[in-house]
Amino acid sequence: MSVAIEAHHLSKRFFLGERNQKAFFEDVWGKAVNIFQHLLGSQQAAPLRSSRREFWALRDVSFQVSQGETLAIIGENGAGKSTLLKILSRITKPTIGKAKINGRLASLLEVGTGFHPEFSGRDNIYLNGAMLGLSRKEVRSRFDRIVDFSGLESFIDVPVKNYSSGMYIRLAFSVAAHLNPEIVILDEVLAVGDGAFQQKCFDRMKEIINEGHAAILVSHGMPQIRQMSQLCMWLSHGQVRQFGPTNEVVSCYEREIMGHVGVQTGIAATRTTSLIPELAGRAVINDGG
Amino acid sequence: MSTVKSSYVVEADRLLSSHPRELWTYRELFLLLIKRDTVASYKQTVLGPLWFFVQPFLASLVFLVVFSQIARLPTTDLPPLVFYMSGIIVWNFFSNCVSQVACTFLTNGAIFRKIYFPRLIMPLSHISMNLLNFLPQLLVLFAVVAFYDLSGRDIELSARLIALPVILGLMALLALGLGCLIAAATVKYRDLTMIVGYLVNLWMYGSLVIYPRAVVPQNLQWLLTLNPMASFVECYRSSLFGAEHAQVQPFIIAAVITVILAIAGVFCFTSAEGTFTDSI
C-alpha cells in the first residue's frame with residue numbers, strides 16, 4: 001500500500017498578542033542588537049525580548065496515512081486539529097518538521113470560500129473548480145453531475161448573491177464533492193444543508209472514501225468517526241495523546257470527555273447531549289441504507 | 001491520475017509554492033479572476049465601463065486649468081489636453097496596479113486561509129486587468145488626437161509606437177515588484193496600506209506626468225534618474241508622439257531598477273505567503 005500522507009515532527013508556533021507600536025520597536029531593537037552583535041563577531045544571538053507570548057499549537061506530530069485509509073482526528077477545541085489540516089493543505093508552513101503529500105489533495109476546510117456573489121452558479125462552479133486546481137475541461141466533464149447533485153438546476157444561471165444560505169452551501173459542497181482527489185480532508189463539513197441533503201453528503205463522503213482514496217476527517221461526531229475511519233488520532237494541547245484503531249481511541253476519548261462533563265456546568269452538559277442523539281440518529285439511518 | 005505532478009512537500013524552510021511551473025497549471029484560474037474582477041467592477045453602476053473614459057477626461061480638464069492656465073507649466077509641443085491625458089491614463093494604470101497588488105493579502109485573506117493556489121496568481125491577474133482597462137483609454141486618447149488633427153493642429157503619431165508594449169510591460173513589472181514588496185510588508189504592518197495610495201499620488205508629481213523633463217532645473221535632474229517612472233512616462237509619451245526625445249541612459253537605469261525590484265518583490269511575496277495567515 002503506498003503512502004498518501006507522511007508527517008514528520010510537525011510543529012507550529014504562533015505569537016499571541018497584537019502587532020502594535022511596542023511590538024514594532026521591539027522588532028527593530030532586536031534586529032539592531034542582532035546586527036551589532038554580528039559586527040562584534042559574537043556567535044550566539046541574544047534571546048529577543050518580546051511582549052508577544054509564543055504559543056505552540058502543534059508539537060512534534062508525526063503520522064502516516066496510506067492509500068485507502070481514513071484517519072480521524074479528534075480532540076477538544078484548540079487542540080491543534082485545524083492547524084494540522086492547514087499545514088497539510090498548504091495554507092500555512094510548519095515552524096518545524098515536514099509533511100509529504102503524494103497525490104492531489106482537496107481540502108474541504110470550509111466550502112464555498114472563493115464564491116463570488118455577482119457570478120452565477122455556473123460561473124462559480126468554474127471559478128471554484130479552478131481555485132481547487134481543476135482544469136476547465138475537468139470541470140466541464142463533471143458539470144452535470146455537480147449541478148445534479150446540488151439539485152439547483154433551475155437556479156444555475158442566477159447570481160449566487162440571490163441564493164439562500166442553504167442553496168449556497170449545497171452548491172459549494174457539490175463542487176467540492178466532485179473534485180475526485182486522491183486525498184481528501186474533511187473538516188466538519190458533513191453538517192450542511194437540510195436533513196435530506198446532509199444524508200446525501202454523508203453518502204457521497206463514504207463513496208469517496210470507498211473509492212480507495214485516503215482521507216483525513218475531523219469531527220466531533222463520534223458515531224460518524226467510528227463508522228467512517230479505521231485509524232484515529234487524539235490530539236490534546238497540540239500533541240498526539242493517542243494514535244491507533246478508531247474504536248480504542250474513541251472509547252478512551254469518550255470516557256475522558258464524559259468524566260469532564262460530569263464536573264462542568266450544566267450548560268456544557270446540555271449542549272453535548274443535544275448534539276449526540278442527532279448524530280447518532282443519522283448514523284442509524286445510514287446503517288439501514 | 002497525475003500523481004507525480006500534484007504531490008508536494010510542506011517544510012519549515014521551504015517556500016509554499018516553489019515551482020514557477022505551478023503558476024502555469026493555474027492559468028485558467030488567472031483568466032477567471034480577471035473575468036470576476038471585470039464583472040464585479042461594473043455591477044450596479046449606472047455608467048458601467050463609461051467611467052473609465054469620464055474619469056481621465058475630468059482629471060485632464062482639472063490639470064489643464066491648474067497647471068497649464070494658472071501655473072503656466074509648458075507641455076512640449078503637444079496640446080496640454082493631450083499631454084495631460086496621456087500622462088493621467090498611464091499613471092492611473094500604474095497606481096492602480098501598485099495599490100491593488102499591495103493589498104493582495106488583506107483583500108484575499110478569507111480565500112487564502114481556506115484554499116491553496118499559488119498566491120502570485122492574484123497580483124498577476126490584477127495587473128492584467130488594469131492593462132485591459134488601460135487599452136480602451138488609449139483609444140480615447142487617440143480619438144482626442146484625431147479631433148485635434150481635424151481642427152487643424154497636426155499631431156503625428158510616432159512610428160515608435162511599437163516600443164509601447166515594452167514600456168507598458170516594464171511599468172507593469174515595476175508595479176508588480178513594488179506591490180509585492182509592500183504586500184509582504186503588510187503582513188506585519190498594516191499601516192502600509194493606508195499610506196500606499198497617498199505616496200503613489202505624491203509620486204506622480206515627480207514622474208513627468210504634468211511637466212516635461214526640460215522644465216526641471218539642472219541640479220534636480222539626478223532625482224529624475226533615480227525615479228524609474230519618470231523615465232518610463234517620458235519614453236511612453238515619446239513612443240506615442242515622438243515629441244520628447246527620451247534619453248537612453250536613464251531608461252536603462254530605470255529598467256535595471258525595475259528588474260531588481262521585481263525579483264526582490266516576488267521573492268518577499270512568496271516567502272510571506274507561508275506565514276501570513278498566522279498574523280493577519
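Rules of the game
Residues numbered from 1 in each chain as written. Chains lettered and ligands numbered in written order. Predicted model: local features only at pLDDT ≥ 70, side-chain atom pairs only at ≥ 80, totals over all residues. Heavy atoms only, no water. Helix = DSSP H or I, 4+ residues; strand = E, 2+ residues; numbered from the N terminus. Rg over C-alpha atoms; globule rule 2.2 N^0.38 Å. Buried < 20%, exposed > 50% of the residue type's maximum accessible area, 1.4 Å probe, protein only. Contact = heavy atoms within 4.5 Å. Areas by Shrake-Rupley, 256 points an atom, 1.4 Å probe, with all protein chains shown as cover. Lys, Arg positive; Asp, Glu negative; His and termini not counted. Charge placed at Lys NZ, Arg CZ, Asp CG, Glu CD. Salt bridge = Lys/Arg side-chain N within 4 Å of Asp/Glu carboxyl O. Buried area = accessible area lost by both parts, 1.4 Å probe. Polar contact = N/O pair within 3.5 Å; in protein donor to acceptor, adjacent residues only side chain to side chain. Nonpolar A, V, L, I, M, F, W, Y, C, P; charged D, E, K, R; others polar. Pairing = 2+ DSSP bridges. Axes fitted to C-alpha atoms, helices over the stretch in contact; angles between N-to-C directions. Disulfide = S-S within 2.5 Å.

1. A few points about the overall build of chain B
When helices and strands are tallied, chain B shows 14 helices and 1 strand. What you see for chain B is a C-alpha radius of gyration of 21 Å, in line with the 19 Å of a compact globule of 280 residues. For chain B, the spread of C-alpha atoms along the principal axes amounts to about 65 × 45 × 35 Å. Each of the 280 residues in chain B was classed as buried or not, and the buried ones make up 49%. Long-range contacts, defined as pairs at least 24 residues apart, comprise 80% of the intrachain contacts of chain B with a sequence gap of at least 6. When the accessible surface of chain B is split by element, carbon and sulfur atoms take 69% of a total near 13,100 Å². Taking the 17 positively charged and 14 negatively charged side chains of chain B as two groups, their mean positions are separated by 7 Å.

2. Some details on the overall build of chain A
When helices and strands are counted, chain A shows 9 helices and 9 strands. The long-range fraction of contacts in chain A, counting pairs at least 24 apart against all pairs at least 6 apart in sequence, stands at 74%. On chain A, roughly 14,000 Å² of surface is accessible, and the fraction owed to carbon and sulfur atoms is 55%.

3. Examining the pattern of salt bridges
A side chain with one charge may pair with a side chain of the opposite charge, provided their charged atoms come close. Inspection of the entire model under this criterion finds 12 salt bridges over all chains. Ionic pairing is found between A:D123 and B:K35, a salt bridge with its closest N-O pair at 3.4 Å. A residue pair is termed interchain when its members come from two chains, as with A:D123 in helix 3 (residues 121-131) and B:K35 in helix 3 (residues 27-42). Under the relative-accessibility criterion, A:D123 is labelled partly exposed at 22%.

4. Looking at the interface of chain A and chain B
Listed as interface residues are 47 residues of chain A and, on the opposing side, 40 residues of chain B. Between chain A and chain B, a total of about 3,900 Å² is buried, with carbon and sulfur atoms accounting for 59% of that surface. The largest share of the area that chain A buries against chain B comes from A:R90, A:K93 and A:M131, three residues that together contribute 22% of it. In this structure, the connection of chain A to chain B is made through 2 salt bridges. Applying the counting criterion to the chain A and chain B interface returns 9 residue pairs in polar contact (both at pLDDT 80 or more). Broken down by secondary-structure element, the contributors of at least two residues to the side of chain A that touches chain B are strand 1 (3-15), helix 1 (21-40), helix 2 (81-88), strand 4 (96-101), strand 5 (105-108) and helix 3 of chain A. Grouping the amino acids of the side of chain A that touches chain B by side-chain chemistry returns 18 nonpolar, 13 polar and 16 charged. Two strands pair when backbone bridges link them, and strand 4 of chain A and strand 1 (residues 8-11) of chain B are joined in this way by 4 bridges, in the antiparallel orientation. Looking across to strand 1 of chain B, one finds that A:A99 is bridged to B:V10.

5. Focus on the pairing of strand 1 of chain A
The side chains of a regular strand alternate, first on one face of the sheet and then on the other. Residue and element names in this part refer to chain A. Strand direction decides the pairing type here: strand 1 and strand 2 (residues 54-66), joined by 9 bridges, are antiparallel. Its bridge partner lying in strand 2, A7 is registered against F63. The pairing of strand 1 with strand 4 spans 5 bridges and is antiparallel. Note on strand 4: the bridge partner recorded for S11 is I96.

6. Remarks on the sheet that holds strand 1 of chain B
One open sheet holds the 4 strands; their spatial order is 2(A)-1(A)-4(A)-1(B), and the pairing between them is antiparallel. The sheet is open, and its two borders are formed by strand 2 of chain A together with strand 1 of chain B, each paired with just one other strand. Across the sheet, the mean angle separating the axes of adjacent strands is 15 degrees when strand polarity is ignored.

7. With respect to unusual backbone geometry
All names here are of chain B. Of note, R72 is a non-glycine position whose phi angle comes to about 55 degrees, a positive value. Relative to the assigned elements, R72 resides in the loop between helix 4 (51-70) and helix 5 (80-102). The phi torsion at L208 lies on the positive side, around 60 degrees, for a residue other than glycine. Residue placement: L208 occurs in the loop between helix 10 (191-204) and helix 11 (221-226).

8. A short note on the sheet that holds strand 9 (residues 239-245) of chain A
Residues and elements named next belong to chain A. Sheet architecture is open: 6 strands sit in the order 5-6-7-3-8-9, paired in mixed fashion. A strand with exactly one partner marks an edge of an open sheet, and here the two such strands are strand 5 and strand 9. Within this sheet the neighbouring strands show an average axis-to-axis angle of 15 degrees, counted without direction.

9. Focus on the state of the cysteines
All names here are of chain B. The tally for this structure, following the rule as stated, stands at 0 disulfides over all chains. For C103, which is in no disulfide, the shortest distance to another cysteine sulfur is to C180 and amounts to 12 Å. The exposure class of C103 is partly exposed, given its relative accessible area of 22%. Of all cysteine sulfurs, the one in C180 lies closest to C268, which takes part in no disulfide; the gap is 9.1 Å. Given a relative accessible area of 29%, C268 falls into the partly exposed group.

On their own, these measurements won't tell you what the molecule is for.
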